[in-house]
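Coordinate inspection notes
The chain contents come next:
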Amino acid sequence: MKKIYLIAALSLIMNSLFSQDFVLLEKKLAEKNIAPRERVDLLLEVIDAGKNLNPDSLLVFAEEAYFLAQENHYLLGKAKAAIDLTDIFQRTRDFEQANDYLSIAALLVHKHKFTQLLGEIHYHKAISFIYQPDFKRAQQELNAAENYIEFLNPKTVMRIYNNLANIYFNTSNYAAALDYYLKQKTIAEKQNDLLELGFCCAGIGNIYNYIAMYEEAEEYYLKSIEALSKSRKPYLVYSVKSNLGTVYSQTDQPKKARKLYEELLQQALELKDTEGLYIVNNNFGLIEMNSNKNYTKALSYFNTALEYAVKSGDDFNIANALTNIGASYLGLEDLDNAYDYLNRGLQLADKIQANEISAMALKYLLKIKTSTIADPEVSDLITKFLEVQKKLGKDNTAGVLQTNQIYAQQLFDQNLEEIKLNEQMAHKDFKHQKRIIYFSIAFLVLLTAALCLLISFNKRLRKLRDSLQQKVNDSINQIRQQDSLLIVQNHQAAMGEMLSMIAHQWKQPLNSIAVIAQNIEDAYDYDELNRELIQKSVKDTMDLISFMSNTITSFRNYFIIGEEDQFSLSQSIELSLEYSQVIFKNYNISSQCYCPQDFKLNGQINLLVQVLLILINNSRDAFAQNQIPERTINISTSSDDNNQIVLIYEDNAGGIPDTFIDKIFEPYFSTKDRDKGTGIGLYIAKSIISKKFQGNISVNTNPPHTKFTLTFTNTK
C-alpha cells in the first residue's frame, strides 16, 4: 500500500452542501431601498449560503460587496468581502489574485483589530502554503487558526482539522493525524454533514490501512462509502472504493478485490480517468502477483499500469510500476529483466524521494543479489535499505538481519560442499591432498593479496569516477544556470523596451487629458463652464483612460512567466506583433501574418513571444543600419510531412553575409556596432526553441531577404 493512493480521496476540493437559504437571500437582494451596509451583509450571507456553487458564480456577489463596503467606509464588511474573494480565487487556482486580497484582508484585520476574522486569515494563509507546497508553514498557520475556533463556522473548523490531519499523515505522525480526523468526525456528525463525515472516515481508514490494521480500515472505508453515497457528491466514492480494494488484496480476499476493481475499472473508463486506470491495473497486478502467484498475468497488468502512468506524467506512479514489473520478472526468475526494471524504479524513486518505493525496490534487489555468492553490492544495498527505513520511521532491523542470515547461510552451504569434497579426496590420497592443501593455501594467500590490491584500486577508481562525475554535473549545472540567466537578462531587456513602448503609447493620451483639464479651468475663469461641457470633458477623459488601461492590460501579460501549458501559436504571433506596434510605427515597417490554421504548442507562451521579439528587434536594427527604404516583415505557419509545426519569419533588411551565416547563433557574436548589440539574442532564441520547445531554428539568406525557420515537435 502506498501513501499516495491512500490520500487520493483527501486531495479533492471540499465544498459546503447546498443551502436553500441561497435562493431566498438572492431574491431578497432584488428588493429596493436596502441601506449600503445592510446590502453588504446580505451579499456576504448569499456567498456563505452558496459555497457549494462554482466559485466563479459567486465572484460577482463578492466583488459587489467589496467595492460597496469600500465606497461606504464599511471596514469590517470590506475585510469579510476580501476574505471571500481570497477563498474564491484560491478555489479557482488564481493565487496571484487570492494573495492580493488576502494581503488587504490581513492589513484591515490587524490594523482595526477584527479579532473575529484572525482565524480566517490564518486558515487562508495555510491554504496558500499548501499549494506552494510548504507544509511546515501551512501547519504553523493552521495551528494558529485553531486559537480562533470560537469565531469560525463549523465548516471552516472541519477544513482546518482535515488539512492538519493530511499534513500529519504525510509526515507519518499517525497518532496526531488520527486525533484531528476524529475531531473532524465529531463535528461532522453533529452538523449531519455527510460529505465531511465521508472524508474524515476515509482518512481514518487510510491510517489503519497503512499501519496494517485491516479490519478497522475496512470498517471506516465502508462508513465513508455510505456517507459519501448519501451526500450530494456520490462520485467521490470512487477513490474510497479503490482504497478498500487494497484492503481486500492485503487480507487475501482476491475475489472481493477483483469484483470491486472491475466496478472501478468500468467507472474509470467512463470518466476517462488516467490516474484511476493506472490504480486499477496496478491493483489487478498486485492480486495476481501476491495472491495468485500468476506472475505472467501480473506483468501484463503492470505494463498497462505503466502506460497510464506515463500518460499522466506522474513520476511516483511510474517508479511504482517499474518496481512492480521488476518484482514480476523476479517471480518468473528472469533476473536480468528484474534487475533492470528494479534499478530504474529505484533511481526514479530516489530522485523524487519516494522512500517507500525505494525500500520496496531495494528489498527485491537484495533478493537478486543474495542469490549470487559473495556479491560485493549486497553490503551497499543493505546499508541503503537501512537508511531508507530510517527515513520512513520504521525499525526493520529484523528484516535486515534475516537478509544477512540468508546471505550467510548461502556462503556456509557453499563452504560445506567444498569441505565434503575435500574429505573425500583426503580419503583417496592423503599425501596428494596435503600438497593440494599447501598449494591452495599459497594460492589463497596470493589471491587475497591480489584481491586487496584490486579492492584498493577499485576504490580509487570509484573516487576518481565520482570526482569526474561531480565535475561534469557541476559544469552542466553552471551552463544551465548561465543559459537561464541569459534568458532572464534578455527578457528583462525586452521588459525595458516594453516600458518604453508603454510610455510612447501613453504620451499622447496624457497630453490630451492635460488639454481637457486646462479647457475646464479656462471655461471656469470665463464663466463658460456648463453641464454639457463637463459631461463631454468627463467622457473624453474616460475614453483616454480606457485606452491607457487597455494598453497596460495588453502589455502586462508579457511580464508574467507562467507554468508550462498548451497555447495557441497564432496568439503568440499576435502578441509579438502587438507589442511591436511602436517599433513598426517609428521605423516605418509593415508586417504581414499568414496563419491559415491555428496550431497548439506545449510550453510557456511568453518564451516564444520573446524569441519573436528578438527577431523583430534584429530586423529593426538591420533596416536602420542598411537604410532599406521599403521595409517588410512576413510571418507564416504550416505543418510539414512529419506533422511538425513550422513557423517562417522573413524580412528584406539586406540579408546576412556568407562569412557570418554560420556564426550568428553563437553567443556574443554580433554584426552590429558594439554599442547596439551584445550578440546573445539569437543564441538565446536558439536555446529557448531547442530546450524549452524541443524544436529547431535555422536561417538562410538571399539578399536582401533573410528567412528564419522554426520547427516545433512538442505539439498536441
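Okay, so let's go over this structure. (Residues numbered from 1 in each chain as written. Predicted model: local features only at pLDDT ≥ 70, side-chain atom pairs only at ≥ 80, totals over all residues. Heavy atoms only, no water.)

1. Overview of a nonpolar patch on the surface
- Among the surface-exposed residues, Ile520, Tyr524, Leu529, Ile534, Val538, Met542 and Ile545 lie close enough to one another that they form a single nonpolar patch of about 620 Å² accessible area.
- Turning to its location among the elements, Leu529 is positioned in the loop between helix H22 (430-525) and helix H23 (531-556). (Patch = residues over 30% accessible without salt bridge, like charges linked within 9 Å, V, L, I, M, F, W, Y side chains within 5 Å. Areas by Shrake-Rupley, 256 points an atom, 1.4 Å probe, with all protein chains shown as cover. Salt bridge = Lys/Arg side-chain N within 4 Å of Asp/Glu carboxyl O. Helix = DSSP H or I, 4+ residues; strand = E, 2+ residues; numbered from the N terminus.)

2. Quick word on a positive patch on the surface
- Side chains of Lys459, Arg460, Arg462 and Lys463 sit close together on the surface and give a patch of like positive charge.
- Mapped onto the secondary structure, Arg462 falls in helix H22. (Lys, Arg positive; Asp, Glu negative; His and termini not counted. Charge placed at Lys NZ, Arg CZ, Asp CG, Glu CD.)

3. Brief notes about the pattern of salt bridges
- In total, this model carries 12 salt bridges according to the counting rule given.
- Between Arg39 and Glu64 there is a salt bridge, with the nearest N and O atoms lying 2.7 Å from each other. One end of the pair, Arg39, is in helix H3 (residues 36-49); the other, Glu64, is in helix H4 (residues 55-71), with 25 residues separating them in the sequence.
- For Arg344, the salt bridge goes to Asp340, with nearest N and O atoms at 3.8 Å. Here the residue Arg344 and the residue Asp340 both occupy positions in helix H18 (residues 335-351), the gap between them amounting to four residues, near one helical turn.
- Accessibility expressed as a relative area gives 35% for Asp340, which makes it partly exposed.
- One salt-bridge network, held together by shared partners, links Lys155, Arg159, Asp193 and Glu196. (Buried < 20%, exposed > 50% of the residue type's maximum accessible area, 1.4 Å probe, protein only.)

4. Section: the packing of aromatic side chains
- Overall, the coordinates contain 15 aromatic pairs when judged by the stated rule.
- For the pair Phe665 and Phe708, a centre-to-centre distance of 6.5 Å together with 85° between the ring planes defines the contact as edge-to-face. Taken together, the residues span a long stretch of sequence, with Phe665 in the loop between strand S5 (645-651) and helix H27 (681-692) and Phe708 in strand S7 (residues 705-712) at a distance of 43 residues. In this structure, Phe665 and Phe708 share a single accessibility class: buried.
- Across the ring face of Tyr220, the terminal group of Lys223 is positioned such that the distance to the ring centre comes to 4.7 Å. (Phe/Tyr/Trp six-rings, centres within 6.5 Å; stacked < 30°, edge-to-face > 60°. Lys NZ or Arg CZ within 6 Å of the ring centre and 35° of its normal.)

5. Here's the deal with a negative patch on the surface
- Judged by side-chain charge, Glu521, Asp522, Asp525, Asp527 and Glu528 come together as a negatively charged surface patch.
- Within the fold, Asp522 resides in helix H22.

6. Observations concerning the side chain of Ser568
- By secondary structure assignment, the location of Ser568 is in strand S1 (residues 565-568).
- In this structure Ser568 comes out as buried when scored by relative accessible area, which is 10%.
- A distance of 3.3 Å separates the side chain of Ser568 from the backbone nitrogen of Ser570, its partner in a polar contact.
- Discounting residues that sit within four places of it in the chain, Ser568 has contacts with Asp598, Phe599, Lys600 and Ile605. (Polar contact = N/O pair within 3.5 Å; in protein donor to acceptor, adjacent residues only side chain to side chain. Contact = heavy atoms within 4.5 Å.)

7. Section: the packing of helix H14 (residues 254-271) against helix H15 (residues 274-291)
- In contact at an axis separation of 9 Å, H14 and H15 are set at 160° when each is read in the N-to-C sense. What the angle tells us is that H14 and H15 run roughly antiparallel. Here the hand of the crossing between H14 and H15 comes out left-handed. Listed contacts from H15 to Pro254, Ala257, Arg258, Tyr261, Glu262, Leu264, Leu265, Ala268 and Leu269 of H14 are Gly276, Leu277, Val280, Asn283, Phe284, Ile287, Glu288 and Ser291. (Axes fitted to C-alpha atoms, helices over the stretch in contact; angles between N-to-C directions. Parallel < 35°, antiparallel > 145°, perpendicular 65-115°, else oblique. Left-handed = near helix turned anticlockwise from the far one by under 90°.)

8. Observations concerning unusual backbone geometry
- Cis geometry is found at the peptide bond from Pro703 to Pro704, where omega equals 5°.
- Within the secondary structure, Pro704 is located in the loop between strand S6 (696-702) and S7.
- Residue Ala212 is not a glycine yet carries a positive backbone phi of 65°.
- Take Ala212: its relative accessible area is 45%, and that puts it in the partly exposed class.

9. A closer look at the state of the cysteines
- Applying the stated criterion across every chain yields a total of zero disulfides.
- Cys201 provides the cysteine sulfur closest to Cys200, a residue in no disulfide bond, and the two sulfurs are 4.5 Å apart.
- You can call Cys200 buried: its relative accessible area is 0%. (Disulfide = S-S within 2.5 Å.)

10. Quick look at helix H9 (residues 154-170)
- If you check H9, its first and last C-alpha atoms are 24 Å apart, about what 17 residues at 1.5 Å a residue would give, namely 24 Å.
- Most of H9 is tucked away, with 15 of its 17 residues classed as buried.
- At the N-terminal boundary of H9, the capping side chain belongs to Asn153, with an oxygen 3.1 Å from the backbone nitrogen of Lys155.
- At the exit of H9 stands Ser172, carrying a positive phi of roughly 65°. (Expected span 1.5 Å × (residues − 1).)

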